[in-house]
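Below, each chain spelled out in residue letters.
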Amino acid sequence: MTITPARHASGDSDASYGYELPWAFEPKHLRWQETVKRFAAEHVGPGASQRSRTASLDPDLVRRAAAMGMFGLLIEPRYGGKGADLRTLCLTIEELAVVDSSFAATVHVQSVCAALLQHLVKDRPDIGADILPGAASGETFISIALTEPSGGSDAGNVATAARQDGDSWVINGAKQFITNCGTPFSRYVIVTAAVGTSAEGHRPPLSVFLVPLDADGVTVGASYDKLAWRSSDTHPLQFDEVRVPASALLSEPGRGYREVLQFLSWARIAIAAMSAGLARGCLNDALRFVRDRTSFGKPLASHQAVSFDIAEIASLTATARTHAYDGAWKYDHGHSIKDTASVAKLVASEAANRAAYIANQLQGGYGSLEETAVARHFRDARVLTVGEGTSAVQRILIARSLGLPI
């Protein structure tokens, strides 16, 4: 017996090997996980391949997720959010990534940016009350603009500059690879910019500004034609004499960049959870394929080499998930995650790439078809070793934590 390529999304049946982490979750976490899992199977998975092929974000899907409160998980209840912990966000990202990493990225970035803004305006409740309720409801998307055309992993290499002009700041520069800045819901972007002059041999100090995307001088460039996360929204941004009020400065002059990076260290753990979800999607697809297909007169799953490949994907999935929720549990319980986050992100993202490679290889020619879930997982896995700090950056951070002079 042969099968046609899997046109449906992954995740409609779910293997259970290695997923049980009873130490990591409370009953409320597991109830929420089941809710998101049903939502992903009913609403996210069925259109994932089509959205990927057309590189389009579905606004109705965003509204459905918003109605469940997915975009306000980390926002305080006083602003209309759920006030949930990191494990809740990670479970959400994981379950979405089982069927569609692009939509998982959409939820991830909005959650991260909303939480960052909440942190930056903690002493300015007027801004919080004005913007955060919309961020929590999904009506107001917030982006973060760190990466520059010449910067890459060197996020501190910032050419975008802000100069003070009376009671205003004027911003000039360019950013790239900015997620969620061109959707129907996109309203603000958090921008890092150099302020003042630098001492000889040193970079100029950096600050953080909140810029409306409809401000004069802000240009949202054409969306990228991407290899991965194709149906997430990603554009370059240009700032040409963009004038914002003094209140747009979200940090002490020269201290914003460090504060942003320190606060967002936990975002790497969410990427580890996304990696675990993608690996689970690969395991589901691979199991379905080898169980249904016959090769050399017997089920493909009965070949020892094939079963070993499946076992490796299962092990990689369990490894990614364990590292992700070890980090999330530690964060939620007040433990330092400085090193844990880098290890979790490195190990989980690399595991997801290996799982996607094996699953794609197992499906042979079908793995090369755009309409299959395994082809989408294979492409989406690539960005996991780049976003929130590349694998090389994580290795540097881990090496430094061990006292190595790097």
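For clarity, every value in this text was computed on a predicted model and none was experimentally measured.

(A) Broad picture of the nonpolar core. Counting 100 residues, the largest nonpolar core has Leu96, Trp266 and Tyr325 as the members making the most contacts within it. When residues of this core are assigned to their parent elements, the largest contribution, 16 residues, is made by helix α8 (residues 267-292). When near neighbours in sequence (up to four residues on either side) are disregarded, Leu96 contacts Val36, Phe39, Ala40, Val44, Met70, Ser101, Phe103, Ala104 and Val107. By size, the runner-up hydrophobic cluster in this structure holds 21 residues, among which are Val195, Val211, Val218 and Val242.

(B) Expanded view of the environment of Arg291. Summarising the element assignment, Arg291 is placed in helix α8. Along the primary structure Arg291 and His108 are separated by 183 residues, whereas in three dimensions their C-alpha atoms are 33 Å apart.

(C) Representation of the pairing of strand β1 (residues 141-145) within the structure. Counting buried residues in β1 gives 5 out of 5 residues, a clear majority hidden from the surface. Residues Phe141, Ser143 and Ala145 point to one face of β1 and Ile142 and Ile144 to the other, with burial holding for every one of them. When β1 meets strand β4 (residues 186-195), the two strands line up parallel, connected through 5 bridges. Its bridge partner lying in β4, Ser143 is registered against Val189.

(D) Fine view of the packing of helix α4 (residues 86-99) against α8. Contact geometry of α4 with α8 gives a least axis separation of 7 Å together with a crossing angle of 35 degrees. Handedness of the α4/α8 crossing: right-handed. Listed contacts from α8 to Leu86, Cys90, Ile93, Glu94, Glu95, Ala97 and Val98 of α4 are Ile269, Ala270, Ala273, Met274, Ala276, Gly277, Leu278, Arg280, Gly281 and Asn284.

(E) Inspection of the pattern of salt bridges at higher detail. In this structure the tally under the stated criterion is 20 salt bridges. Of the charged contacts, one joins Asp165 and Arg243 as a salt bridge, the two residues approaching to 2.9 Å between their closest N and O atoms. Of this pair, Asp165 sits in strand β2 (residues 161-165) while Arg243 sits in strand β7 (residues 234-245), placing them 78 residues apart in sequence. Linked by salt bridges that have partners in common, Glu26, Lys28, Asp85, Arg87 and Asp332 make up one network.

(F) Summary view of a nonpolar patch on the surface. Taken together, the side chains of Leu402, Leu404 and Ile406 define a hydrophobic patch exposed on the protein surface, amounting to about 330 Å² of accessible area. In this fold, Leu404 is placed in the segment after α12 (391-401). With a relative accessible area of 48%, Leu404 lands in the partly exposed category.

(G) A look at the side chain of Thr385. Following the sequence through the fold, Thr385 ends up in the loop between α11 (373-384) and α12. The class for Thr385 is buried, based on a relative accessible area of 9%. At a separation of 3.1 Å, a polar atom in the side chain of Thr385 contacts the main-chain carbonyl oxygen of Arg382.

(H) Broad picture of the environment of Val374. Here Val374 lies in helix α11. Separated by 24 residues in the primary sequence, Val374 and Ile398 place their C-alpha atoms 31 Å from one another. Dropping the residues within four chain positions of it, Val374 is found in contact with Asp285, Ala359, Asn360, Gln363 and Gly367.

(I) Focus on the pairing of β2. Where β2 meets strand β3 (residues 168-179), 5 bridges bridge the pair, whose relative direction is antiparallel. From the neighbouring strand, Asp165 faces β3, where its bridge partner is Ser168. Between β2 and β3, which pair antiparallel in sequence order, lie 2 residues; one of them, Gly166, sits at a positive phi of approximately 65 degrees. Pairing between β2 and β4: 2 bridges, direction parallel. Note on β4: the bridge partner recorded for Ala162 is Val195.

(J) A look at the packing of aromatic side chains. In total, this model carries 8 aromatic pairs according to the counting rule given. With a centroid separation of 5.4 Å and 45 degrees between ring planes, the pair formed by Phe141 and Phe185 is classed as tilted. Residue Phe141 is found in strand β1, and its partner Phe185 is found in the loop between β3 and β4; the two are separated by 44 residues along the sequence. The exposure class assigned to Phe141 is buried, which follows from its relative accessible area of 0%. Residue Phe185 is classed as buried on the basis of its relative accessible area of 8%. In this structure an aromatic cluster arises from ring pairing among Phe71, Phe141 and Phe185.

What counts and how
- Residues numbered from 1 in each chain as written.
- Predicted model: local features only at pLDDT ≥ 70, side-chain atom pairs only at ≥ 80, totals over all residues.
- Heavy atoms only, no water.
- Core = buried A, V, L, I, M, F, W, Y, C linked by side-chain atoms within 4.5 Å.
- Buried < 20%, exposed > 50% of the residue type's maximum accessible area, 1.4 Å probe, protein only.
- Helix = DSSP H or I, 4+ residues; strand = E, 2+ residues; numbered from the N terminus.
- Contact = heavy atoms within 4.5 Å.
- Pairing = 2+ DSSP bridges.
- Axes fitted to C-alpha atoms, helices over the stretch in contact; angles between N-to-C directions.
- Left-handed = near helix turned anticlockwise from the far one by under 90°.
- Salt bridge = Lys/Arg side-chain N within 4 Å of Asp/Glu carboxyl O.
- Patch = residues over 30% accessible without salt bridge, like charges linked within 9 Å, V, L, I, M, F, W, Y side chains within 5 Å.
- Areas by Shrake-Rupley, 256 points an atom, 1.4 Å probe, with all protein chains shown as cover.
- Polar contact = N/O pair within 3.5 Å; in protein donor to acceptor, adjacent residues only side chain to side chain.
- Phe/Tyr/Trp six-rings, centres within 6.5 Å; stacked < 30°, edge-to-face > 60°.

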